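Chain by chain, the residues:
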Amino acid sequence: IMMLSDPEVESAVLISSDEGASFEKHPINFNILSLLFHPAQENWILAYSHDSKLYSSMDFGRKWQLVHDNVMPGRFYWAVMGLDKESDVVHIETRIAKGRAQYVKCRAQRCTDGNRQYLFPGYVDTNSLVVQDEYVFTQVTKSGRASYFVSYMRESFKRMKLPKYCLPKDMHIISTDEKQVFAAVQEWNQNNTYSLYISDSPGVYFTLSLENLRTSRGPAGNLLVDFYKVEGINGMYLANKLVDNHIKTFITYNKGQTWALLPGPSTDVAGNNLHCILPFCSLHLHLEMLENPYTSGPITSKKSVPGIIVATGNIGTELSSTNLGMFITSDAGNSWRQIFDEEHNIWFLDNGGALLAVLHAATPIRHLWISLDEGKKWDRHSFSLAPLYVDGVLMEPESDNHIITFFGHFSHRSEWQLIKIDYKGLFSRRCMDGDYQTWHLHNKGELCVMGERQIFMKRRPGNRCMLVQDYSRIYSSEPCLCTTYDFECDYGWERQADGKCSPAFWFNPNGAAKTCSSSQSFLNSTGYRKVLSNNCKEAGRNVYSPRRQACRPRPPRGLRLSTNQGELSAPVGSNVTFMVYLEDGDSLRTSIQLDFGDGIKITYSNLSRTDDGIMHIYRTTGIYRVTASAENSQGSDSSTLFLHITSPVERVYLSVPIVAIRGKEANLTAVVWPSHTRTLTFFWWFDNSSEPIITLEGSISYTFQREGKNKVTVQVASGSTVMQDSKVITVKEFFRSLLLSFSPALDEHNPDIPEWREDIGRVVRAALSQVHGVPILLVSLYPGLPTTAELFILPDEHTASEHKRGSEEALETISDIFVTALNQGLIQFELKADTRIIVYMTQQTLAPLVDSNSIHSGSAMLMLLTVVFVGLAAFFIYKFKRYLSSLERHHECSMSHTARTTSASAQLPDITMTS
């Protein structure tokens, strides 16, 4: 016995090995939310903690070891015996990011990084891993559309094939019994209902069985489907279906090939005629499963009692939640009787030979009912002196133990009561051969059910003898000749009104031939596939079975190329796995060539060699055209995708002119580190604009219309990463600018970083302000060596447009003053105690502008040519004072210099702005 302590008090497990006589306390360092015991090893346990970690214990909880962290709740499974090689294997779904997970397989006590297996090639959706019997299921959603994958017998995953225009929104696995998958699928046009689909044995190809199944949600939000497998009868199921806004119960005897309404009983429990005539009136049953395992639920059947079903329901045109009664069938649903007019919980006793009924009521009870003749007669027994609120009933199924245990309480404040009942005294002896009778399984008179005639044995109703536990329920069985309904329609085929299967409008049966093998032939479907576990035999010519046909050379058609993740982007340097699929063609004789788009190509002699994918690593960023080509003697096909290879953006710098002229274009450039090729998106925001300008290039020309300070922000998007930089540009009608150079000693102390340039710019502006403190001065240092800068002289912000001529003359005068001071070496600043730097106006004879660093040589040459022209223009202005024409040329020259420097330089300027 294991007990868990209250985690608010302490974290511990209490373990007893002597049926609860004593307990050992074992502290643990996590809070247990749920436990999963191994199906065969009773001491092996998986424990899920509050912080999404999974632990394992191999000694019934005395010692625990961490298996994995970030595990999704309820998505961990023990090994399936006979399928997984080691019995301590654990299947886990681990969360990687929001909506993304991985399927991990490892051993419970050795789940280190090196021992983990990642069997699905890529990420899966969270809460999608299901490990059940021979199957492993998972789901991947891309572009809003889900794809479902299955692994059968632990082989590689394959995409599950639903009819082409099913377009599922959701899928739930209902059953994997008998090596076949029953799935509830919500199609694109369904909201509150699901459709029932049935697969082939590997769980890959699905066909429609029944539309519009009724569904509901459990207390935990889990999907509940009104679908019930009848125990003891092969191929028999019940389902509730929405028909014209009415919920009706249907039954199938051939595993979903045909469905029919249930016939209502002829009389009610009092013997009154009901006149319930199909199809206007039928019996409807509640099929949902209850959360409480100690009650029988609304419907009960048992493998040891084939043909008997007891259920809660009603008679009429649709299923109702009122006026409910209890109904029973003794011949596998062909006829029904009403046994109670109120809800009861009903259990099978004596290996199915007797029925126990207890009123399903919110009030306390003290009586139970027992029937030995399949519900025809009920005997009332008192089991308690005082009425008891019954919480549940315990019994050992399929055993010779004739003990029933009721548990409940006398009042809401009383302790629990356990009442044991030994019903062995109902029987006088064990059953002998003469106590049994036979009955024929049939479907409305048709004796061939699931391809065979079956005769069952059961105890004669009313005989008070105990059933032998292992007596044979099946008396005889012989196969029947196959009919159409012993087969389901194959994938891509649909059942017609006459029962035959014909191709769906979207399916080409001539193009669906499977891969030709070395025997030069293949099995081609006739549109039918035999219902699994159907035992019919075909007579003479096999009409329904696949036919062997010779392989005909076919050109490749429907070549598809994708990445295993389905994504069209990948980080630089990472492994990209490409998957190549061919819908039709002779794959063994079709060669495949894959051009990765970076100058590398690879060729395979046939498609089968690419089943596990083709891996490639891209070393540089960019957009690559990847092309797959398939070719054989009959023709060729190709498929192309464009793959974005990106790297994280580490830094972005916005290079802009510090000053711009209103109404004239200014060049703006965003520089990104590391450099990218055609894989970035740039968003340009100007002032308070509500919409950005979006470009794929890192530069843009923009015309500012408003004078003053204009803020520019650029955002650079690379995948999910977005970075930005902002600058302020001063826009004026006119301005003056001078190019500056410095003493060579400044270059020795230039680390060429933005912060240093900002500080030097501030110092230079302060030195210039001592010469003339009236105008607005801005100083910008450029990157690289030798150290250069530009001085901008701006008019007063309050200068009116009608005084423009006077302001221009004033700026010209101030410019002349600065030129004189610069040429005379009067502008100086102290860099260090023993180092003084002189600021010059750049002239042809001053310090050379050609940097030894090749990165800046181009921009330096452009600057040199510009400097010559600027020097001549300044000299001309200084001598002759030709304000209007020479002033305009000077503006254009300055702007041209700024634009050329910006576009040609590899390292762009950090702008220092002061006012």
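Residues numbered from 1 in each chain as written. Predicted model: local features only at pLDDT ≥ 70, side-chain atom pairs only at ≥ 80, totals over all residues. Heavy atoms only, no water.

What follows covers the layout of surface pockets. When its volume is computed, the second largest pocket comes out at roughly 1400 Å³. Surrounding the second largest pocket, 48 residues form its lining, I173, I174, L224, F227 and M289 being those nearest its centre. When residues of the lining of the second largest pocket are assigned to their parent elements, the largest contribution, six residues, is made by strand 16 (residues 170–175). Class assignment for the residues of the lining of the second largest pocket results in 24 nonpolar, 14 polar and 10 charged. (1 Å grid on protein atoms, 1.4 Å probe; cavity = no way out; pocket = protein on both sides within 12 Å on 5 of 7 lines; lining within 4 Å. Points joined across faces, edges and corners; volume = space filled by probe spheres on them. Helix = DSSP H or I, 4+ residues; strand = E, 2+ residues; numbered from the N terminus. Nonpolar A, V, L, I, M, F, W, Y, C, P; charged D, E, K, R; others polar.)

Okay, the sheet that holds strand 4 (residues 32–37) next. Ordered by their spatial adjacency, four strands build an open sheet running 4-5-6-7, and the pairing between neighbours is antiparallel. The sheet terminates laterally at strand 4 and strand 7 (65–68), the two strands that pair on one side only. Each adjacent strand pair in this sheet contributes to an overall mean axis angle of 30°, direction not counted. As defined by bridge partners, strand 5 (residues 45–49) adjoins strand 6 (residues 54–57) across four bridges and the pair is classed as antiparallel. (Pairing = 2+ DSSP bridges. Axes fitted to C-alpha atoms, helices over the stretch in contact; angles between N-to-C directions.)

A separate point is the state of the cysteines. Within this structure, the stated rule accounts for six disulfides. What pairs with C276 in a disulfide is C281, and their sulfur atoms sit 1.9 Å apart. With the S-S dihedral at roughly -100°, the linkage between C276 and C281 falls on the left-handed side. With a relative accessible area of 15%, C281 lands in the buried category. (Disulfide = S-S within 2.5 Å. Buried < 20%, exposed > 50% of the residue type's maximum accessible area, 1.4 Å probe, protein only.)

Read from one edge of the open sheet, four strands run 30-31-32-33, paired in antiparallel fashion. Edge positions in the sheet fall to strand 30 (344–349) and strand 33 (379–382), since each of these pairs with one other strand and no more. Sheet twist, expressed as the average angle between the axes of neighbouring strands with direction ignored, equals 30°. As paired elements, strand 30 and strand 31 (residues 354–359) share six bridges and run antiparallel to each other. Residue pairing for strand 31: W347 is matched across the bridge by L356.

Another point: the nonpolar core. One recurring pattern in soluble globular proteins is that nonpolar side chains are buried together. Of all hydrophobic cores here, the largest spans 30 residues; its most connected members are F120, F137, M160, L162, M171, V185 and F206. Of all the secondary-structure elements, those providing two or more residues to this core are strand 10 (100–107), strand 12 (130–132), strand 13 (135–142), strand 14 (145–152) and strand 17 (182–186). In terms of residues, this core owes the most to one element, strand 14, which gives five residues. Sequence-distant contacts of L162, defined by excluding residues within four places in its chain, comprise P168, M171, V185, Y197, F206 and Y491. Among the nonpolar cores identified, the runner-up in size contains 27 residues, and F742, I760, L768 and V839 belong to it. (Core = buried A, V, L, I, M, F, W, Y, C linked by side-chain atoms within 4.5 Å. Contact = heavy atoms within 4.5 Å.)

This paragraph deals with the environment of P461. Note that P461 resides in the loop between strand 40 (452–459) and strand 41 (465–466). Among the residues examined, P461 registers a relative accessible area of 34% and is labelled partly exposed. Through-space distance from the C-alpha of P461 to that of K376 is 8.8 Å; in sequence the pair is 85 residues apart. Apart from the residues lying within four places of it in its own chain, the contact partners of P461 are L372, D373, E374 and Q437.

This paragraph deals with the packing of aromatic side chains. For any pair of aromatic rings, the description consists of the separation of the ring centres together with the inter-plane angle of the planes. All told, the structure shown has 35 aromatic pairs when counted by the stated rule. Summarising the aromatic geometry, the rings of F120 and F149 are spaced 5.1 Å apart at their centres and angled 70° between planes, so their arrangement reads as edge-to-face. Pair noted here: F120 is in the loop between strand 10 and strand 11 (124–125) and F149 is in strand 14, with a separation of 29 residues, a long-range link. Neither residue differs from the other here; F120 and F149 are each classed as buried. When the ring of F578 is compared with that of F596, the centres are 5.8 Å apart and the planes differ by 45°; the resulting orientation is tilted. Taken as a pair, F578 in strand 51 (residues 575–584) and F596 in the loop between strand 52 (591–595) and strand 53 (601–604) lie far apart in primary sequence, 18 residues in all. Residue F578 shares its accessibility class with F596, and that shared class is buried. (Phe/Tyr/Trp six-rings, centres within 6.5 Å; stacked < 30°, edge-to-face > 60°.)

The next subject is the pattern of salt bridges. Scanning the entire structure with this criterion turns up 24 salt bridges. For R459, the salt bridge goes to D350, with nearest N and O atoms at 3.3 Å. Of this pair, R459 sits in strand 40 while D350 sits in the loop between strand 30 and strand 31, and the two are 109 residues apart along the sequence. Bridged by salt links that share partners, the residues D84, K105 and R154 form one connected network. (Salt bridge = Lys/Arg side-chain N within 4 Å of Asp/Glu carboxyl O.)

Quick look at empty space enclosed by the protein now. Applying the stated rule across the entire model yields eight cavities of 30 Å³ or more. In this model, the largest cavity occupies a volume close to 170 Å³. Considering each element in turn, the lining of the largest cavity owes the most residues, three residues, to strand 40. Each residue belonging to the lining of the largest cavity can be placed in one class, and the counts come to 11 nonpolar, five polar and five charged.

The next subject is the confidence of the model for the protein. Per-residue confidence for the protein gives a mean pLDDT of 85, with 88% of residues at or over 70. Below a pLDDT of 50 lies the segment residues 844–915, which in the model reaches 123 contacts outside its immediate sequence neighbourhood of four places, other chains included. (pLDDT = per-residue confidence, 0-100.)

What follows deals with helix 2 (residues 754–769). For helix 2, with 16 residues, the first-to-last C-alpha span of 23 Å sits near the 22 Å given by 1.5 Å per residue. Taken together, the buried positions of helix 2 are occupied by P754, W756, R757, I760, G761, V764, R765, A767 and L768. Projected down its long axis, helix 2 carries its buried residues within an arc of 165°, all on one side. (Expected span 1.5 Å × (residues − 1). Arc of directions from axis to C-beta.)

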